[in-house]
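Residue strings, one per chain:
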Amino acid sequence: MDEVMTAADATGGNRALFGSPPSSNPFPHNLPIFSAFLAFALAQFLKVFTNWYKEKRWDSKRMISSGGMPSSHSATVTALAVAIGLEEGAGAPAFAIAVVLACVVMYDASGVRLHAGRQAELLNQIVCEFPPEHPLSTARPLRELLGHTPIQVAAGGVLGCVVAFFMRSTS
């Protein structure tokens, strides 16, 4: 008997044209996004412990604040880039985009945002020295912990890599 090849057979079905076949699962498995979110959550959680180690006091607000060790920004974008690289390969355009995004975010975290935090610290000190009758003496202090040191950025990057490789090995 002669076999008949359909158009779906020739293209590999809908899978070749549209990605994975439709699933009834409302939460599709997306390694890059799950890796990014897990890395972010772990970094924020670890900040409570690194803050305790440094200042010898518990501060649960560190879980929702910016700045500190490790950088959750760096962990997030690194996990995203590494997971995309593991899924699609280093030659994929999505990997290139993710790597450039990660570099911009990490540079910004250790550059612009770090220096903005240092400026806020100086401005807060200046305002504290104003006499009580000065109109700015009652101004709300500026947030000082905005950016990251290069070590905090590197720690976040390492955490992001570890999370992406861990997520890949468990899937």
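From a predicted model like this one, the values you see are computed outputs, not experimental measurements. (Residues numbered from 1 in each chain as written. Predicted model: local features only at pLDDT ≥ 70, side-chain atom pairs only at ≥ 80, totals over all residues. Heavy atoms only, no water.)

### Digging into the overall build of the chain
Thinking step 1. Across its full length, the chain carries 7 helices and 0 strands.
Thinking step 2. Scanning the chain from its N terminus toward the C terminus, one meets helices and strands in the order α-α-α-α-α-α-α.
Thinking step 3. Per-residue burial over the chain gives 29% buried out of 171 residues.
Thinking step 4. Carbon and sulfur atoms make up 67% of the accessible area of the chain, which totals about 11600 Å². (Helix = DSSP H or I, 4+ residues; strand = E, 2+ residues; numbered from the N terminus. Buried < 20%, exposed > 50% of the residue type's maximum accessible area, 1.4 Å probe, protein only. Areas by Shrake-Rupley, 256 points an atom, 1.4 Å probe, with all protein chains shown as cover.)

### Remarks on the UniProt feature "transmembrane region" (unreviewed entry) in the chain
Thinking step 1. The feature "transmembrane region" (unreviewed entry), as given by UniProt, occupies residues 31–52 and 145–167 in the numbering adopted here.
Thinking step 2. End C-alpha atoms of residues 31–52 are separated by 32 Å, and the span's content is 100% helix alongside 0% strand. (UniProt positions renumbered as here; feature names shortened; annotations may be inferred.)

### What about helix 4 (residues 72–88)?
Thinking step 1. With 17 residues, helix 4 extends 24 Å between its outermost C-alpha atoms, agreeing within 8% with the 24 Å of an ideal straight helix rising 1.5 Å per residue.
Thinking step 2. Restricting attention to buried positions, one finds in helix 4 the residues Ser72, Ser74, Ala75, Val77, Thr78, Ala79, Ala81, Val82, Ala83, Ile84 and Gly85.
Thinking step 3. Tucked into the core, helix 4 has its buried residues touching helix 3 (31–55), helix 5 (93–110) and helix 7 (150–170).
Thinking step 4. For helix 4, the capping residue at the N-terminal end is Ser71, with a side-chain oxygen 3.5 Å from the backbone nitrogen of His73. (Expected span 1.5 Å × (residues − 1). Contact = heavy atoms within 4.5 Å. Polar contact = N/O pair within 3.5 Å; in protein donor to acceptor, adjacent residues only side chain to side chain.)

### Examining the nonpolar core
Thinking step 1. Of all hydrophobic cores here, the largest spans 11 residues; its members are Leu31, Ala39, Ala43, Ala75, Ala79, Val82, Ala83, Leu159, Val163, Ala164 and Met167.
Thinking step 2. Of all elements in the fold, only helix 3, helix 4 and helix 7 reach the threshold of two or more residues within this core.
Thinking step 3. Ala75 has contacts with Ala39, Ala43, Gly156, Gly157, Leu159 and Gly160, leaving out every residue within four places of it along the chain. (Core = buried A, V, L, I, M, F, W, Y, C linked by side-chain atoms within 4.5 Å.)

### Here we look at the side chain of Ser74
Thinking step 1. Residue placement: Ser74 occurs in helix 4.
Thinking step 2. Its relative accessible area of 0% is what places Ser74 among the buried residues.

### Observations regarding the environment of Ala96
Thinking step 1. Position of Ala96 among the secondary structure elements: in helix 5.
Thinking step 2. Separated by 12 residues in sequence, Ala96 and Ile84 have C-alpha atoms that sit 9.3 Å apart.

### Points about the confidence of the model for the chain
Thinking step 1. Of the residues in the chain, 74% have a pLDDT of 70 or more, and the chain-wide mean is 79.
Thinking step 2. Across the chain, the secondary-structure element scoring lowest on mean pLDDT is helix 2 (residues 14–18), at 46, and the one scoring highest is helix 4, at 95.
Thinking step 3. Here residues 13–18 is a poorly scored stretch, pLDDT under 50, and it has 6 contacts once near neighbours within four places are set aside; other chains count. (pLDDT = per-residue confidence, 0-100.)

### Considering the environment of Gln125
Thinking step 1. In this structure, Gln125 sits in helix 6 (residues 112–128).
Thinking step 2. Using a relative accessible area of 43% as the deciding quantity, one classes Gln125 as partly exposed.
Thinking step 3. Spatially, the C-alpha atoms of Gln125 and Pro141 are 9.2 Å apart, while their sequence positions differ by 16 residues.

### Comments concerning helix 5
Thinking step 1. Its 18 residues place the ends of helix 5 26 Å apart at the C-alpha level, agreeing with the 26 Å of an ideal helix rising 1.5 Å per residue.
Thinking step 2. Here helix 5 has its buried residues at Ala98, Ala102 and Ala109. Buried residues of helix 5, viewed axially, fall in a sector of 40°; they line one side. Along helix 5, exposed side chains directed more than 90 degrees from the buried face belong to Pro93, Ile97, Val100, Val104 and Tyr107. (Arc of directions from axis to C-beta.)

### Observations concerning the packing of helix 3 against helix 7
Two packed helices can be described by the angle between their axes and the distance between those axes.
Thinking step 1. At a closest axis distance of 9 Å, the pairing of helix 3 and helix 7 adopts a crossing angle of 135°. On the basis of the axis angle, helix 3 is oblique to helix 7. Judged by the sense of rotation from one axis to the other, the crossing of helix 3 with helix 7 is right-handed. For the pair helix 3 and helix 7, contact is made by Leu31, Phe34, Ser35, Leu38, Ala39, Leu42, Ala43 and Leu46 and by Leu159, Gly160, Val163, Ala164, Met167 and Arg168, respectively. (Axes fitted to C-alpha atoms, helices over the stretch in contact; angles between N-to-C directions. Parallel < 35°, antiparallel > 145°, perpendicular 65-115°, else oblique. Left-handed = near helix turned anticlockwise from the far one by under 90°.)

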